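This is what each chain is made of:
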Amino acid sequence: MAEDAIPLEVLSDSSRHRPAGSFDEFSPYPPIADYAFLSDCEVTALVAPSGSVEWMCLPKMDGPSVFGAILDRDAGWFRFGPDEVDVPSDRRYLPGTIVLETSWDCGQGWIVVRDCLVMGPWQHDHPEGSTHIRPPTDYDAEHMLVRTVRCVEGQAQLTLDCVPAFGYGRTHAQWRYTDRGYTQAVIEPEGLNLTLTLTSDIRLGLEGSSAKGRTLLKEGETRFCALSWGRRVPESYEDAYRRLVWTAHHWQHWLARGRFPDHRWRSHLARSALTLKGLTFAPTGSIAAAATTSLPETPGGERNWDYRYTWMRDATFALWGLYTLGFEWEASDYFAFLCDLVERDRGDLQIVYGIDGRRELDEQVLDHLNGYQGARPVRIGNAAYQQAQHDVWGVVLDSIYLHTKSRDRLDDRVWKMARQQVEHALERWREPDRGIWEVRGEPKHFTSSKMMCWVAADRGARLATLHEDKDLARTWRKAADEIHADICANALDDRGVFCQHYDTTALDASLLLMPLLRFLPPDDPRIRATVLAIADELTQDGLVLRYQVDETDDGLSGEEGTFTICSFWLVSALTEIGEHQRARDICEKVLSYASPLLLYGEEIDPRSGRHLGNFPQAFTHLALINAVMHVIRKEQKAQRQAMGREVPDNQP
């Protein structure tokens, strides 16, 4: 629906009186799941169905926004599409890529628009010219958003409207022409070390902070526009098209390195892999939790957080997913980033860091932004970096263990890091913390945190054995047994179900990780009881809540949607305990909730099926890979067994 089709007073009145927890039927904001995701592994962008780029931050994905209309309709946008038509006929990614193609029926003709953040060949001759600290590759971000259009039938009126609003919509500047005349303009906000160059073969008109263009396209005709924040700009449509093709081939060649099963869910695995790569910050190897900030977990509510940072707890799942699908280079880069942090901070790890490794992520509220569909506050930064969360040591040790198993060696640098983290875990495991969900209520003895301290000691003992330090292995094994016994003595309810923390009988979806981390064997009655209790009592319409908000002091008000991560965890856990059919059915259901482009936000509203929270969410796609591979491997095992029974006894 066009924004000017609704009077402003209606919009403001609807937002003011709409109850938290409901969606605004007449909102000018597209549903979260309708956004397309672009990336060059340094910068990300979200493109609305209308062809408007409504989220992009520069010069990196956790920097200040230049286009922020997803959080306030006046906070900057960049539309490129047909005049007076907002709803496309079709959208897709070019197969195996993060290049978006949008097709439009414009009444008198059809046009096809393609968008990408450009990847190009490696250009740096000297390290001083690059921010990369990981091994150089054959490709690099070109710091350019390219948009091309072709009229494939009839004719159509095309419009371009580029209105940057710097610093999360707080700073506006004026465009000015370059010596190329009407086909190029630059904008340089005062006080910011950033210059944007808009180049096109459409004549541009400049009106303050807005650069506009309009032209009639006839069958067979093409046009382009490119927004650059680096030294390179396309010289022509042919040049822009060449860069787009290079980018598409780059993604296809990257994806071809992976190992994907021949299964009907392969497309979900491939899109998840591409999304994780797109959320990877190439200069350091870190993975951002999501591309956005403050997309609400509750419609109109306050559960709005900045997820453009890298969480340590993602490490184990990231490495597992990357190794499983065959992307060892990315796994190695991420592990190297983790090692750098441990060494720099002398083992005193935070739970979350900036994608460049910075420690301070001071949380601020942007009062000048209205928020997505009126959901406030809008936050940047994340105060969780100051919280005590005891799962971090287990995450690091499990990551070291996975990394070591993939290489069958344990070098001295990694061993030193492992010893540090085990010692931290053993010093602190008896203390309460804020838990995996980073609650802002009182610290508790969260079961999942204790379990991750057990993981630290257990994996540490295994690594000590590999390092041939038998005395240390015995000491850490004894400590692991003590933590294990403490959990079993204090976290079980009368039914034999593991509970959220030691002072409650409330359930918590994080305990679905118990069989995955091998805390107890999958056939242990306590594991089975816990998984089935969560499946039966902590779900809405078959989708899993992380906890019941009225049973958990998380320091916030309001409801939240089902956590898609947890639904995929349930699939993996059910598979582990032998509930294969139930696991497969739930997996099928959760996959059916994928966005039209196979992307996932953090949560799903069970009533409407709409996505909630920041988008796209790395942890969700990591859990998807884990769950789908669990189900596929069980299917493949069953097929092999069935084929084996059919082989005659006299055959080999």
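What this report covers is the structure whose coordinates are included nearby. One numbering rule holds for all chains: residues counted from 1, following each sequence as written. In view of the model being predicted, local features appear only for residues whose pLDDT reaches at least 70, and side-chain atom pairs are presented and counted only at 80 or more, with totals across whole chains, interfaces and linings using the full set of residues. Note that water and hydrogens are dropped before the side-chain values are worked out from all heavy atoms of the structure.

Focus: the nonpolar core
Then, in step 1: Among the buried residues, those of types Ala, Val, Leu, Ile, Met, Phe, Trp, Tyr and Cys that are joined through side-chain atoms within 4.5 Å form a nonpolar core. Three exposure classes are used, based on accessible area relative to the maximum for each residue type with a 1.4 Å probe and protein chains only: buried under 20%, partly exposed in between, and exposed over 50%. Counting 202 residues, the largest nonpolar core has Met-56, Phe-78, Ile-111, Leu-227 and Trp-569 as the members making the most contacts within it.
Then, in step 2: What counts as a helix is a DSSP run of H or I of at least four residues, what counts as a strand is a run of E of at least two, and both are numbered from the N terminus. When residues in this core are grouped by element, the largest group, 11 residues, is from helix α15 (residues 618-646).
Then, in step 3: Should any heavy atoms of two residues lie within 4.5 Å, those residues are counted as being in contact. Excluding residues that lie within four positions of it along the chain, Ile-111 makes contacts with Pro-82, Thr-102, Ser-103, Trp-104, Cys-106, Val-149, Arg-150, Cys-151, Val-152, Ala-156, Leu-158 and Leu-217.

Describing the side chain of Asn-614
Then, in step 1: Turning to its location among the elements, Asn-614 is positioned in the loop between β26 (611-612) and α15.
Then, in step 2: Within the local environment of Asn-614, its side chain forms a polar contact with the backbone oxygen of Trp-305, the two atoms lying 2.8 Å apart.
Then, in step 3: With sequence-adjacent residues up to four places away left out, Asn-614 is seen in contact with Ala-290, Thr-292, Thr-293, Ser-294, Leu-295, Trp-305, Tyr-307, Gly-601 and Glu-602. Polar contacts, as counted here, are pairs of nitrogen or oxygen atoms within 3.5 Å of one another; within protein the pair requires one atom able to donate a hydrogen and one able to accept it, and residues that are adjacent in sequence qualify only if both atoms are side-chain atoms.

Some words on the environment of Pro-606
Then, in step 1: Its place among the elements puts Pro-606 in the loop between β25 (603-604) and β26.
Then, in step 2: Sequence separation between Pro-606 and Ser-448 is 158 residues, and the spatial gap between their C-alpha atoms is 25 Å.
Then, in step 3: Once you skip the residues sitting within four places of it in the chain, Pro-606 turns out to touch Gln-540, Asp-541 and Thr-562.

Considerations on the packing of aromatic side chains
Then, in step 1: Working definition: a ring pair exists when centres of Phe, Tyr or Trp rings (six-membered ring for Trp) sit within 6.5 Å. Plane angles under 30 degrees give stacked, over 60 give edge-to-face, the rest tilted. As enumerated under the stated definition, the model contains 16 aromatic pairs in all.
Then, in step 2: Look at Trp-437 and Phe-563: their rings are 5.7 Å apart centre to centre, the planes differ by 65°, and that puts the pair in the edge-to-face class. With Trp-437 in the loop between α8 (412-428) and α9 (447-466) and Phe-563 in strand β24 (residues 562-563), this pair connects stretches of sequence that are 126 residues apart. Grouping residues by exposure puts Trp-437 and Phe-563 together as buried.
Then, in step 3: Relative to Tyr-600, the ring of Phe-568 lies with its centre 5.8 Å away and its plane at 80°, an arrangement referred to as edge-to-face. You can see Phe-568 sitting in helix α13 (residues 564-576) and its partner Tyr-600 sitting in the loop between α14 (580-592) and β25, a full 32 residues away along the chain. One exposure class covers both Phe-568 and Tyr-600, and it is buried.
Then, in step 4: Grouped by ring-pair contacts, the aromatic residues Phe-317, Trp-437, Phe-563, Trp-569 and Phe-619 constitute a single cluster.

A few points about the environment of Gln-364
Then, in step 1: Topologically, Gln-364 is positioned in strand β20 (residues 364-365).
Then, in step 2: Sequence separation between Gln-364 and Ala-388 is 24 residues; the distance between their C-alpha atoms is 20 Å.
Then, in step 3: What Gln-364 contacts, discounting residues up to four positions off in sequence, is Val-378, Arg-379 and Ile-380.

Section: helix α5 (residues 314-324)
Then, in step 1: With 10 of 11 residues buried, α5 is to be regarded as a mostly interior element.
Then, in step 2: When we look at burial in α5, the residues that qualify are Asp-314, Ala-315, Thr-316, Phe-317, Ala-318, Leu-319, Gly-321, Leu-322, Tyr-323 and Thr-324.
Then, in step 3: Of the residues one or two after α5, Gly-326 is the one with positive phi, at around 90°.

A word on the pattern of salt bridges
Pairing between side chains of opposite charge can happen when their charged atoms approach one another.
Then, in step 1: By definition, a salt bridge exists where a carboxyl oxygen of Asp or Glu is found within 4 Å of a side-chain nitrogen of Lys or Arg. Here the structure, examined in full by the defined rule, presents 43 salt bridges.
Then, in step 2: A salt bridge links Arg-413 to Asp-340, with the shortest nitrogen-to-oxygen separation between them at 2.9 Å. Remark: Asp-340 occurs in helix α6 (residues 328-344) and Arg-413 occurs in helix α8; sequence separation between them is 73 residues.
Then, in step 3: Classification of Asp-340 as partly exposed rests on a relative accessible area of 25%.
Then, in step 4: Residue Arg-459 pairs with Asp-458 through a salt bridge whose shortest N-O separation is 2.7 Å. This pair shows no difference in class: Arg-459 is buried, exactly as Asp-458 is.

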